[in-house]
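Chain by chain, the residues run as shown.
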Amino acid sequence: MRELDELFIKHSGSDLIVKRDVPLAQYTSFKIGGRAGVFIEPRTTDALLRCLRIFYNNGARPYILGGGTNVLITDKGLPYVLSTNGLKWLEDDGNGTITAGAGYSLRNLVSYAIRNCLEGLERITGIPGNIGGAVMMNAGKKQYSIGQKVKRILLATPYGKAWLNKGQMTWKYRCLSFKSTIYGSSETEKGLYVIAGAELKLSKKRDNKALKDYFLCDIKKRRATQPVGKLSAGCIFKNPEPAPAGRLIEECGLKGYQYGGAMVSKKHANFIINHKGASADDVVYIMKHIQECVFKRFSIRLEPEIRLMGISLN
Ligand SMILES: Cc1cc2nc3c(=O)[nH]c(=O)nc-3n(C[C@H](O)[C@H](O)[C@H](O)COP(=O)(O)OP(=O)(O)OC[C@H]3O[C@@H](n4cnc5c(N)ncnc54)[C@H](O)[C@@H]3O)c2cc1C
């Protein structure tokens, strides 16, 4: 057993779950991916900080996993995976400010907000995953993204934790980055950080009828236009400037295109579906094929929206 593996096992306990040789497919919406050498799940922010310090002191870096709804993990597996699923707290000040742990489910948060007459999250109805992942990806649709409602972020680094305010973050299309380094170090830039939680500012309404109506209408729309219920990771490519990626892929005649167990959705061309025990290699093959076809026809290089773990498209 490697020294670092032993260290984690020594530190495991009720607030830090450590398992070896864990199949990762079960932690992703694609149901694809090899095994994690060591799978680490802190249940508290303190345990998370302990983990980051261990990684830092040993010059190692884990892959960070949230709900696993926007990732493609290599079939070969990953050495260290740090899951944020155990950070599930939720606080509500009763005046529209809610604070949630990174592992809190986005769908549960949307339902909570609507139940409690809080406006602002209904526009991300139907997006799966956790708060940490949604914030990291600046999840959203059309003109709206979760970053618009985030007031502060609790960031964990090997040096400790800190609440970052709006001025320290840059929100872009499906991407969040941090402007300043934390604790005077450059570790955040090198990537050894985890969003432990986020504070959202919502508006308190008298009743929730309009929010419920929006929610129901949105769910209906999603069912009509997306392959809901199929194994996928959401939209595979970012939308380039001139047109939605789905339309470009569709115009290349790729709806229904298959390779191995993976297929371009017949309902929405920017979704790849694991329809028959697909491997990550099958999905990568289709992604490259799509990029080539779209480039040939439109001279546009599609960029992945999903995060590739242990995989390079080049
Ligand atoms: C059917 C379906 C529909 C979808 N529809 C939409 C949509 O309409 N709009 C949209 O924007 N997205 C959509 N998605 C994509 C996805 O749901 C969102 O991006 C989601 O919020 C990601 O959250 P997650 O917890 O699953 O993150 P993961 O997939 O686990 O991780 C995504 C990235 O964030 C990083 N990360 C995760 N948690 C943390 C953390 N706590 N700290 C630091 N880094 C972290 C990971 O390392 C990875 O790089 C869809 C996905 C599916 C399967």
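Computed from a predicted model, the values in this text were never measured in an experiment.

Caption draft 1: Fine view of the domain arrangement of the protein. Domain annotation for the protein reports domain 1 (3-83), domain 2 (90-224) and domain 3 (227-309). Here the C-alpha centroids of domain 1 and domain 2 sit 23 Å apart. With 16 residues of domain 1 at the contact, the number on the domain 2 side is 18 residues. Across the domain 1/domain 2 interface, buried area totals approximately 1300 Å², and carbon plus sulfur atoms make up 70% of it. Contact with domain 2 buries area across many residues of domain 1, yet Leu-52, Tyr-56 and Arg-61 alone supply 38% of it, more than any other trio. Here domain 1 is connected to domain 2 by zero salt bridges. Taken together, the links from domain 1 to domain 2 amount to one residue pair in polar contact (both at pLDDT 80 or more).

Caption draft 2: Local environment of the sheet that holds strand E11 (residues 150-157). Sheet architecture is open: five strands sit in the order E6-E7-E15-E11-E12, paired in antiparallel fashion. Each edge of the open sheet carries a strand with a single partner, namely strand E6 (90-92) and strand E12 (160-165). For this sheet the average axis-to-axis angle between neighbouring strands, irrespective of direction, equals 15°. Here six bridges tie E11 to strand E15 (residues 194-201), and the two strands are oriented antiparallel to one another. Among the inter-strand pairings, Arg-152 is bridged to a residue of E15, identified as Glu-199. Sitting on the sheet, helix H2 (residues 45-57) touches E11, E12 and E15, and the angle it makes with E11 is about 50°.

Caption draft 3: Geometry of the sheet that holds strand E1 (residues 16-23). One open sheet holds the four strands; their spatial order is E1-E2-E5-E3, and the pairing between them is mixed. Edge strands, defined here as strands with exactly one partner in the open sheet, are E1 and strand E3 (63-65). Strand-to-strand twist in this sheet, taken as the mean axis angle between neighbours without regard to direction, amounts to 25°. Of the strand pairs in this sheet, E3 and strand E5 (residues 78-83) are connected by three bridges, and their pairing is parallel.

Caption draft 4: Inspection of the pairing of E15 at higher detail. Within E15, seven of the eight residues are buried, which leaves the element mostly enclosed by the surrounding structure. Bridge analysis of strand E7 (residues 97-101) against E15 gives five bridges, and the strand direction is antiparallel. Bridging from a neighbouring strand, Ile-98 pairs with Leu-200 of E15.

Caption draft 5: Structural view of the state of the cysteines. Throughout the structure, instances matching the rule amount to zero disulfides. Take Cys-217: it sits in no disulfide, and the sulfur closest to it among the cysteines is that of Cys-235, at 19 Å. With no disulfide of its own, Cys-293 has Cys-252 as its nearest cysteine by sulfur position, at a separation of 5.6 Å.

What counts, and at which threshold
- Residues numbered from 1 in each chain as written.
- Predicted model: local features only at pLDDT ≥ 70, side-chain atom pairs only at ≥ 80, totals over all residues.
- Heavy atoms only, no water.
- Domains from an automatic or database assignment.
- Contact = heavy atoms within 4.5 Å.
- Buried area = accessible area lost by both parts, 1.4 Å probe.
- Salt bridge = Lys/Arg side-chain N within 4 Å of Asp/Glu carboxyl O.
- Polar contact = N/O pair within 3.5 Å; in protein donor to acceptor, adjacent residues only side chain to side chain.
- Pairing = 2+ DSSP bridges.
- Helix = DSSP H or I, 4+ residues; strand = E, 2+ residues; numbered from the N terminus.
- Axes fitted to C-alpha atoms, helices over the stretch in contact; angles between N-to-C directions.
- Buried < 20%, exposed > 50% of the residue type's maximum accessible area, 1.4 Å probe, protein only.
- Disulfide = S-S within 2.5 Å.

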